[in-house]
Amino acid sequence: MDSERQFGLGLEPVLTTSELAEYLGVQTQAIYDLRTDGRGPSGIRVGREIRFRVSDVVRWLDGLHEPEPSSAHGDRR
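Computed from a predicted structure; not experimentally measured. (Residues numbered from 1 in each chain as written. Predicted model: local features only at pLDDT ≥ 70, side-chain atom pairs only at ≥ 80, totals over all residues. Heavy atoms only, no water.)

Draft legend 1. Spotlight on the pattern of salt bridges. Within this structure, the stated rule accounts for four salt bridges. Between E49 and R51 there is a salt bridge, and its shortest N-O distance comes to 4.0 Å. By relative accessible area, E49 is classed as partly exposed at 43%. Among the residues examined, R51 registers a relative accessible area of 24% and is labelled partly exposed. Taking the shortest distance from any N to any O, the salt bridge between R53 and D56 comes out at 3.5 Å. Beyond isolated ion pairs, a larger network of salt bridges with shared partners links R53, D56 and R59. (Salt bridge = Lys/Arg side-chain N within 4 Å of Asp/Glu carboxyl O. Buried < 20%, exposed > 50% of the residue type's maximum accessible area, 1.4 Å probe, protein only.)

Draft legend 2. Structural view of the packing of helix α2 (residues 17–24) against helix α3 (residues 28–36). Running from N to C, α2 and α3 point in directions that differ by 105°, and their axes come no closer than 8 Å. Classified by the angle between their axes, α2 and α3 sit roughly perpendicular to one another. Contacts between α2 and α3 involve T17, S18, L20, A21 and L24 on the former and, on the latter, T28, I31 and Y32. Here the contact of α2 with α3 is built from residues that sort into five nonpolar, three polar and no charged. (Axes fitted to C-alpha atoms, helices over the stretch in contact; angles between N-to-C directions. Helix = DSSP H or I, 4+ residues; strand = E, 2+ residues; numbered from the N terminus. Parallel < 35°, antiparallel > 145°, perpendicular 65-115°, else oblique. Contact = heavy atoms within 4.5 Å. Nonpolar A, V, L, I, M, F, W, Y, C, P; charged D, E, K, R; others polar.)

Written out as structure tokens, the structure reads:
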């Protein structure tokens, strides 16, 4: 099913494990490892496969943000 039809049905796009790994620039095994450690995005089991809602991936990525680095020398002028 193409993404245009999915949106017409109100369905959100989902990613496979390999698509998510490719998007993140990591090996597929890294996604499995993150999920095993409880640190990966939530997924949906479809039979034997896992699918990831794009919104869940975005939420997971937003939660990984590190604080803004502070200037080592400060902003003294």
